[in-house]
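The residues making up each chain are set out below.
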Amino acid sequence: MSKKKQNYFVCSECGYESTKWFAKCPSCNEWNTAVEFTADIFDNKVKSTPSEILFLTDNIKEPKKINTGFKELNEILYGGFVEGAIYLLAGEPGIGKSTFLTQISSNVSQKNFVIYVSGEESAEQVFQRFKRLNVKSDKNKIGLVFENSLEKIVALLENLEEKPDFLIIDSIQTIKSDNFSSYAGSVLQVKEVTRYLSEYCKKRGITLIIVGHVTKGGIIAGPKILEHMVDAVLQFELEKTSGLRMMRILKNRYGPTDEILMFEMTQKGLKPISEYTHYFLKDYKNASGNVLTIVKEGSKLIPIEIQALVSKPVYGNPRRVTSGAPLDRLLMIIAVLSKRLRLPIESKDIFLSTSGGFKISDTSSDLAIAYALLSSLFDITTNESIVVLGEIGLDGNIRNIRDLEKRIDFAKKLGVENIVIPTSKIAATNTLKISNLSSLVKKFF
Ligand code: TYD
Ligand code: MG
């Protein structure tokens, strides 16, 4: 087999590859991100064995599921970690990834052999964490490796008498292949190390868990491309009001995505939380500009406080600042209030936040945002707390939202007796049905 050299370029932001140089990346639109690499190209005259064909009548073996030790996580992953699958555990430094994987190692090592590779902490730090979390591994079912070289890790795996069932890499940004000159953590290294380990583990039925650090902006450091290379992405985020660690399932080949699990960081590591409501409402006060709504994340209903402050602009151009709520949604709601109700809101400074900066992604809290804006604009509040639910159309009409009845029941369980909802056929007590924004204004302001 002959080989020749080929130069190619990789975008350092998103990992886009091209044989031609580019000034602006066609994939992520960033400028000056092309980094040059050289790869060996093999000619194609090699004789290979033909691939296999399967028929629907053939018996396919179901892959083994491994109990994670966390009931809720097992449910989302449809029974547990899938043997031979590749998982990415992402999150900002300090959020609890290593803690979580120490607990996972402990849980799965009851029946499995785990190799835990730490590329960023000293043996003392890692041993201390295992001790602190009270992990006992009498039968040497957890092997700890302190290494940054991919080739050395692979050589070690090859030399083991017993094949490991789990390989944990903490973190992918610290592992480097000697085949490439670029530094550990670069897009190319992260991509190549992940590609190599994925192939290696898939072939041998080893379940691979890769830790990936996330930058403050929420992007998995360097390569978003990692997400494409793994079977499931579990991302830890800190919810600031409650201090809870939210685990979002961003990708899942074996079950539902957009699910969310909540953990509390304790002296004994991460503890799953099933009763989470009071964590989100502990700072809530019924004051002007404040209102409650209920958002849905995966299968969970979460009570969220929305706060708005509408004030006279200090500088010439009015400012719009949001935390948690999407800015484009706020701009749309301001435009509708201004155009449909002729309210003097467009000239004002507007600040909008959710409790703890909780990211809301659905449109079911539109009406609550409008309510909070109006409540601050007119400086009027209700005597008792209310929950507001509904989406706003560009015409100012209020649209229905999914799972309205479940959200109403949830609000009642919180003890809130006044619930504003879109006009619908639902017969529920203590609800006020609103069909458009002007009826909201007439009713409350
Ligand atoms: P860590 O798991 O090291 O975070 P990451 O790997 O994501 O960088 O731990 C984060 C923090 O958690 C650290 O400041 C110490 C704290 N911690 C606890 O509060 N309880 C514990 O049982 C452990 C092990 C850590
Ligand atoms: Mg860590």
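Computed from a prediction, not measured in an experiment: that's the story for all the values here.

This part covers the overall build of the chain. Regarding its fold elements, the chain presents 11 helices and 23 strands. Seen through its principal axes, the chain has C-alpha atoms that stretch 80 × 55 × 55 Å. Going through the 445 residues of the chain one by one, you find that 38% of them count as buried. In the chain, of all internal contacts separated by at least 6 residues, the share reaching a separation of at least 24 is 65%.

Time to look at the environment of glycine 15. Its place among the elements puts glycine 15 in the loop between strand E1 (3-11) and strand E2 (17-18). Counting along the chain gives 284 residues from glycine 15 to serine 299, while the straight-line C-alpha distance between them is 33 Å.

All right, on to helix H5 (residues 187-204) then. If you check H5, its first and last C-alpha atoms are 26 Å apart, about what 18 residues at 1.5 Å a residue would give, namely 26 Å. Of all the positions in H5, only Val187, Leu188, Gln189, Val190, Lys191, Val193, Thr194, Leu197 and Cys201 are classed as buried. Two residues or fewer after H5 comes glycine 205, characterised by a positive phi angle close to 70°.

Time to look at the pairing of strand E22 (residues 418-422). Remember that side chains alternate between the two faces of the sheet whenever the strand is regular. Most of E22 is tucked away: four of the five residues are buried. Of the pairings in the sheet, the one linking strand E19 (residues 386-388) to E22 comprises three bridges and is parallel in character. Across the sheet, residue valine 387 finds its bridge partner in E22, namely isoleucine 419. Relative to strand E23 (residues 431-434), E22 runs parallel, the two sharing four bridges. When the bridges of E23 are listed, isoleucine 421 appears paired with lysine 433.

The next subject is the packing of helix H8 (residues 327-341) against helix H9 (residues 366-378). Interaxial distance between H8 and H9 falls to 10 Å at its minimum, and their mutual angle equals 60°. On the basis of the axis angle, H8 is oblique to H9. Here H8 runs over H9; the crossing is right-handed. Between H8, through Arg329, Leu330, Ile333 and Leu337, and H9, the contact on the second element is made entirely by Asp366, Ile369, Ala370 and Leu373.

Glancing now at the packing of H8 against helix H11 (residues 437-444). The interhelical angle for the contact between H8 and H11, taken along N-to-C directions, is 80°, at an axis separation of 10 Å. As far as their axial angle goes, H11 and H8 are roughly perpendicular. Contacts from Val336, Leu337, Arg340 and Leu341 of H8 reach H11 at Leu437, Ser438 and Val441.

Turning our attention to the domain arrangement of the chain. When cut into domains, the chain gives domain 1 (3-42), domain 2 (65-274) and domain 3 (278-444). With centres defined by C-alpha atoms, the gap from domain 2 to domain 3 works out at 39 Å. Contact with domain 2, which involves nine residues of that partner, is made by 11 residues of domain 3. In the side of domain 2 that touches domain 3, the residues fall into three nonpolar, two polar and four charged.

Read across the open sheet, the nine strands follow the order E8-E7-E9-E10-E6-E11-E12-E13-E14; overall the sheet is mixed. Two strands bound the open sheet, and with one partner strand each, they are strand E8 (142-146) and strand E14 (269-272). Strand-to-strand twist of the sheet, defined as the mean angle between neighbouring strand axes without regard to direction, takes the value 25°. Examined bridge by bridge, strand E13 (residues 259-266) and E14 share four bridges and lie antiparallel to one another. Following the sheet pairing, glutamate 264 is matched in E14 by lysine 271.

Before going further, it helps to spend a moment on the site of ligand 1. In the vicinity of ligand 1, 15 residues are found, and the nearest of them are Ile95, Lys97, Ser98, Thr99 and Gly269. Among the secondary structure elements, those contributing two or more residues to the shell around ligand 1 are helix H2 (97-108) and helix H3 (123-132). No other element matches the three residues that H2 contributes to the shell around ligand 1. For the shell around ligand 1, a count of residues per class yields four nonpolar, seven polar and four charged.

Reading the values: rules and limits
Residues numbered from 1 in each chain as written. Chains lettered and ligands numbered in written order. Predicted model: local features only at pLDDT ≥ 70, side-chain atom pairs only at ≥ 80, totals over all residues. Helix = DSSP H or I, 4+ residues; strand = E, 2+ residues; numbered from the N terminus. Buried ≥ 20, exposed ≤ 12 C-beta atoms within 10 Å, placed from the backbone. Contact = placed C-beta atoms within 7 Å. Expected span 1.5 Å × (residues − 1). Pairing = 2+ DSSP bridges. Axes fitted to C-alpha atoms, helices over the stretch in contact; angles between N-to-C directions. Parallel < 35°, antiparallel > 145°, perpendicular 65-115°, else oblique. Left-handed = near helix turned anticlockwise from the far one by under 90°. Domains from an automatic or database assignment. Nonpolar A, V, L, I, M, F, W, Y, C, P; charged D, E, K, R; others polar. Near = placed C-beta within 6 Å.

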